Amino acid sequence: MKIHVRLLIVSFLAAATSLQAATYIVPTDRDLVMRSEAIVIATAVTSHSEITRDGCVVTIATLAVDEVFKGDFGNQRTIDLVEAGGAVGNRVTFISGSPRYAAGKQYLVFLRRTPDGWATYGFGLGQFQYSVDPSGDQVLTRGIGEAISGWDEIGNASHVERVRDAIAFEAFVKTLSAKSGAPARSDYFLQSDQTLRVASGFAPKPDAAVPGGLDGVSAISAATSNWNGAGAGVNYRLGVANPNATGGLSTLDHITAVLFNDPANLLPPGVAAAGGVSDVTSGSTSEVDVVVGKNFSMSQSTFNAVMTHELGHTLGLRHSDQDTFGNPCVSFCTSNAIMNSTINVLILQQWDLDAIRTVYAGKTGTGVPADYLSNTRWASPSATFDYCFAPTISGQPSNKSIVSGSQTTLTVAAAGTSAAYQWYIGTPPTTTTTAPNGTSSSLTVTPPSTTTYWVQVTACGAPLNSNPATVTVTTCTPPSAQAPLASPSSIASGQSSTLTENATGSGPLTYQWFSGGTPSTGAPIGGVTSNNVITVSPSVTTQYSVRVFGACTPNSDSATTTVTVAACVPPSASAPFASPSSIPQGQSSSLSVSPTGTGPFTYQWYIGTSPNTSSPIGANSAFLTVTPAATTSYWVRINGQCAPAFDSASTTVTVTCAPISGSPVATPSTINNGQSSTLNVTTNGTGPFTFQWYRGNVGDTSTPIAATQSTLVSPTVTTGFWVRVTAPCGSQDASVVVFVSGTVCTAPTIAAQPASTTINAGAPVTLTVVAGGTAPFTFQWFVGDKGDTANPITGATNASLTQSPSVTAKYWVRVTNNCSSVQSADSNTAIVTIGCSSPFITTQPANTTAPIGTAATLHVTGAGNGLHYQWFQGAKGDTSKPYGTDSATFVTGAISGNTSYWVRITGACGSPVDSNAGLVTAIAPPRTRAARH
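Keep in mind it's a predicted model, so treat the numbers as computed, not measured.

The rules behind each value
Numbering of residues begins from 1 in every chain and follows the order in which that chain's sequence is written. The predicted origin of the model limits local features to residues at a pLDDT of at least 70 and limits the giving and counting of side-chain atom pairs to 80 or more, whereas totals for whole chains, interfaces and linings rest on all residues. Calculation of side-chain values draws on the structure's entire complement of heavy atoms; hydrogens and water are dropped beforehand. Strands here mean DSSP runs of E at least two residues long; helices mean DSSP runs of H or I at least four residues long; both are numbered from the N terminus. Here, two residues are considered to be in contact whenever any of their heavy atoms come within 4.5 Å of each other. Definition used for salt bridges: Asp or Glu carboxyl oxygen within 4 Å of a side-chain nitrogen of Lys or Arg. Partly exposed describes any residue whose relative accessible area lies between the buried limit of under 20% and the exposed limit of over 50%, with all areas from a 1.4 Å probe on protein chains only and scaled to the type maximum. Residues enter a nonpolar core if they are buried and are Ala, Val, Leu, Ile, Met, Phe, Trp, Tyr or Cys, with the set joined through side-chain atoms within 4.5 Å. All axes here are fitted lines through C-alpha atoms, helices being fitted over the stretch that makes contact, and every angle between N-to-C directions spans 0 to 180 degrees. When describing relative orientation, an angle under 35 degrees is termed roughly parallel and one over 145 degrees roughly antiparallel, while 65 to 115 degrees is termed roughly perpendicular and anything else oblique. Handedness of a crossing follows from how the near helix is turned relative to the far one, being left-handed for an anticlockwise turn of less than a right angle and right-handed for a clockwise one. Basically, the charged four are Asp, Glu, Lys and Arg, the nonpolar ten are Ala, Val, Leu, Ile, Met, Phe, Trp, Tyr, Cys and Pro, and anything else, Gly included, counts as polar. A pair of sulfur atoms, both from cysteines and within 2.5 Å, is called a disulfide here. Here, expected helix span is obtained from the residue count minus one, scaled by 1.5 Å. Arc definition: directions from the helix axis to the C-beta atoms. Distance and chemistry together define a polar contact, namely a pair of N or O atoms within 3.5 Å, with one atom able to donate a hydrogen and the other to accept it when in protein, and with adjacent residues in sequence counting only for side-chain atoms on both sides. In this scheme, strands are said to pair when DSSP sees at least two bridges between them. Values of pLDDT, ranging from 0 to 100, describe the predictor's confidence in every residue of the model.

## Topic: the environment of A799
Next up, step 1: For A799, the position within the fold is in the loop between β63 (778-783) and β64 (800-803).
Next up, step 2: The spatial distance from the C-alpha of A799 to the C-alpha of T768 is 5.8 Å, given a sequence separation of 31 residues.
Next up, step 3: Leave out the neighbours within four places in its chain, and A799 touches L767, T768, V769, F779 and W781.

Have a look at this one:
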């Protein structure tokens, strides 16, 4: 069984520091310099917490500025950093990773501006503390152990924090702060293993019960016995239970303790226990603690080994297979130890004994003090332990490929005591031919043909052979330039053309472009670049060419290509096309215009009749969607590449109106002479509404009776009434009959039939019927032959019907009234014949997404006669990049970035129609992150 453990070492300086660390995405040091708004060397003076005006707890650290690398602080000698979290009275706010500054300590600080003032950039990412390493060199550290954990921004690997040489890192920061693109040396990282000295004495928290029935006191007793018996003078003892031991590794309580069941919820899931140093005062360890988790399952013997491992951390021992910073170590390393990063043995191994004896044996006479709880402080002097380490290779030399005459460098990553290197030509273990200058970890070669190399690393008298690395040498082919391709090759004045050179030869290839002729007669465009594509905007017809440089000579000059510039034509267009031109209230119509002339064009739409500019609407597009509340006219002003602008004729969108939701009702519908009936009508759509009742047939306004939604009437004979309901979109009329017993009512007849007609597809047509008999009448129009009631037209309940069919259709109407019982009359069938149908779009291309390197599919649905499709890349109206086949469906090439496409549809008759542009958004393939303990 492998049990994951974690070394948590906490150094309490001005105040206790939380061990719950933030998870970072760590930028490179170069990016950190570029993104910071200011960078200073400063010494912490004081800090305090307060509550801001918006109720947040913050900690304000005052720093004395020693030196400014970046930013302008004028004559300001101190700065205040406002960091999230802190403690004010009984209120405490903890923000994981929020930095704190210890008075008297010097820091290199990367800063950013916030609404509250200056703050450390990226929490712990921007705070570096100055200290002196065991060799006496000044270093800069950002966090200790696992305090800075997460992933590298570049490469997405788990981040490993390293110590920086202070002088070299300062030089790096200064150079980049002065000039962002300047070359700066980045060889400032150090390798550093640190060993801490700790005191003895453990007081287990009273709750020593462990999940799974394990005995916590027994485990700690076994662990202290293991280290006390290692022969290094360690004298840990198991003290009495102390109910005040509550801080553990999360809060400084000045009690060395073992806390079971993780009372402060310090440990993340999957971590069984954590041990470390909680406080160091004046160079001496003053408190160490162990925290045991809540939920895990193991045997008692394994649990004893876990506790032995964690006590090893309190003694200052690192993981046997890692260095102090969690990197795979390269000296004094093993995975066979109780201090391995995963528990795989149950008792102390040779590495553990060597490590503890190196740190403690014979350095304090009788070992560490016996009674730590008496507040004894101590510090052991440094110990030395000499080993000779055999060579290891962590990075093999890799295969390379070069062009003949070029050089390349092979490198091996190796370690060992006083390691020596010798490179050879051939394959291991053949040492017949040594490589010239091959006595370091890298070898630079210029082989005339494909050659294999390897290196032998020797340390402590033991040789270790690397893998072979082959340098493949390819023959260099001089460049060969073709005449550039111009797309488009013919443009209007003010437009652009893209020139593309498809040269061949051994790369890398570079290009010098020329205008006005061949490279020998033309004028160079800029300097030599790696770009084989340029965009030109000549004002007159111009020849272009390019000179191509490769990995070997001679260079190659292309033939010329010509970009023809046509004369500029002012814009013109027919009246905008409205689809549909007649809509019910609340629905929308699409307006479009197809200008001719020299584009690209800009558009400004207006409400009203041309050239009234008092009501501008819409964006800069040849298409506009409108939802008028009432019948409205629209027009558009078009600007091209040359004057004058063009004002289109107006087009009208008719809004049909049906504010009445049903036929009026008379209650009761039949009365005796002298009685009364209440007339009422219900409304539909958007108000406000006005009402006017009349006596007589629909349309007869000679006898108005009331201007309310309902009214009381007392006719003496059977009488027809009708109402006109008016809304913002228009008005609608409807009728009702009040029957008086004993009077005569005449059944309806058709006085005038609806007439057949011929129209263009999509154009509006109005059919009308005239009824006879006793009013009021009700009407219901149907699609189909006379008498076929299977397809009633919703809302078509007036004497007139307006439709915009796209195919030939038949319509008829049924007229009814109420003469003692419902009676009706059916009209003849009116045929609306469709001529040639102009093209129009029913479904626009939809926006979509596609992973980079894959294709996307767009689709348009059009209607009309004899349709043809031409797709284009770019904004709507941009015809410079035609793509695709004559199809309603278009499949793009491999997507490399966000791109728009649109389609122009032409038909057998009428004007072409352009679709909206569909945006294809390029997305990155999903990436995964591997979390490392």
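Still more ground to cover, so stick around.
## Some words on the pattern of salt bridges
A side chain of one charge can pair with a side chain of the opposite charge if their charged atoms are brought near each other.
Next up, step 1: Tallying each qualifying case throughout the model produces ten salt bridges.
Next up, step 2: Between K174 and E67 there is a salt bridge whose closest N-O contact spans 3.3 Å. A residue pair is termed long-range when its members are at least 10 positions apart, and K174 in helix α2 (residues 166-178) and E67 in strand β5 (residues 57-70) qualify at 107 residues.
Next up, step 3: Assessed through its relative accessible area of 38%, K174 is described here as partly exposed.
Next up, step 4: Given the relative accessible area of 32%, E67 is considered partly exposed.
Next up, step 5: Residues D914 and R904 are paired through a salt bridge, measuring 2.7 Å at the closest nitrogen-oxygen approach.

## Some details on the nonpolar core
Next up, step 1: W227, V292, F303, M307, L311, I338 and I356 are the most contacted members of the largest nonpolar core, which totals 35 residues.
Next up, step 2: Mapped onto this core, the elements with two or more residues apiece are α3 (216-228), β20 (273-281), β21 (284-292), α4 (300-314) and α5 (350-360).
Next up, step 3: With five residues, the top contributor of residues to this core is α4.
Next up, step 4: Contacts of I338, omitting those with residues within four sequence positions, involve W227, A305, T308, H309, I343, V345, L346, I347, L348, Q349 and D352.
Next up, step 5: Counting 21 residues, the second largest nonpolar core, distinct from the first, contains I759, V769, L801 and V813.

## Examining the environment of D253
Next up, step 1: Tracing the backbone shows D253 in the loop between α3 and β19 (257-259).
Next up, step 2: Each C-alpha atom, one on D253 and one on E287, is 8.5 Å from the other, the two residues being 34 residues apart in sequence.
Next up, step 3: The contacts of D253, once residues within four sequence positions are left out, are N244, A245, T246, G247, G248 and E287.

## Some words on the packing of α3 against α4
Next up, step 1: Two elements in contact, α3 and α4, have axes whose closest approach is 8 Å; the angle formed by their N-to-C orientations is 55 degrees. On the basis of their axis angle, the class for α3 and α4 is oblique. The chirality of how α3 crosses α4 is right-handed. Contacts between α3 and α4 involve G216, S218, A219, I220, A222, A223, T224, N226 and W227 from the former and Q300, F303, N304, M307, T308, L311 and G312 from the latter.
Next up, step 2: Its residues assigned to classes, the contact of α3 with α4 comprises eight nonpolar, eight polar and no charged.

## Considerations on the state of the cysteines
Next up, step 1: For the structure shown, the criterion picks out three disulfides.
Next up, step 2: Two residues, C568 and C642, share a disulfide whose sulfurs are 2.2 Å apart. Judged by the sign of its S-S torsion, about -100 degrees, the bond between C568 and C642 is left-handed. Taken as a pair, C568 in the loop between β41 (561-566) and β42 (577-579) and C642 in the loop between β48 (632-639) and β49 (646-647) lie far apart in primary sequence, 74 residues in all.
Next up, step 3: In this model C657 forms its disulfide with C729; the gap between the sulfur atoms is 2.0 Å. Across the S-S bond linking C657 and C729, the dihedral sits near 55 degrees, which makes this disulfide right-handed. With a gap of 72 residues between them, C657 in the loop between β50 (651-656) and β51 (665-667) and C729 in the loop between β57 (719-727) and β58 (730-740) connect regions that are remote in the sequence.
Next up, step 4: Residue C657 is classed as buried on the basis of its relative accessible area of 16%.
Next up, step 5: On the basis of relative accessibility, which here comes to 7%, the residue C729 falls in the buried class.

## A few points about α2
Next up, step 1: The terminal C-alpha atoms of α2, which comprises 13 residues, lie 18 Å apart, in line with the 18 Å expected from a rise of 1.5 Å per residue.
Next up, step 2: Taken as a whole, α2 has its buried residues at A166, F169, E170, F172, V173, L176 and S177. The arc that holds the buried residues of α2, viewed along the axis, is 160 degrees, so those residues lie on one side. Summarising the geometry of α2, the exposed residues directed more than 90 degrees from the buried face are I167 and A178.
Next up, step 3: N-cap assignment for α2: the residue whose side-chain oxygen lies 3.4 Å from the backbone N of I167 is D165.

## With respect to the sheet that holds β58
Next up, step 1: Strand order in this open sheet of five strands is β52-β58-β57-β54-β55, and the pairing throughout is mixed. With partners counted over all chains shown, the strands left at the sheet margins are β52 (670-671) and β55 (704-706), one partner each.

## Some details on the side chain of S648
Next up, step 1: Examined against the element boundaries, S648 turns out to sit in the loop between β49 and β50.
Next up, step 2: Once you skip the residues sitting within four places of it in the chain, S648 turns out to touch S574, P576, S610, W635 and V636.

## Notes on the confidence of the model for the chain
Next up, step 1: Put simply, the chain has an average pLDDT of 82, and 87% of its residues get 70 or more.
Next up, step 2: Segment residues 362-388 is flagged for pLDDT under 50; beyond a separation of four residues in sequence, or across chains, it makes 56 contacts in the model.
Next up, step 3: Contacts from residues 929-933, a stretch scored under 50 in pLDDT, to residues over four places away or in other chains number 16 contacts.

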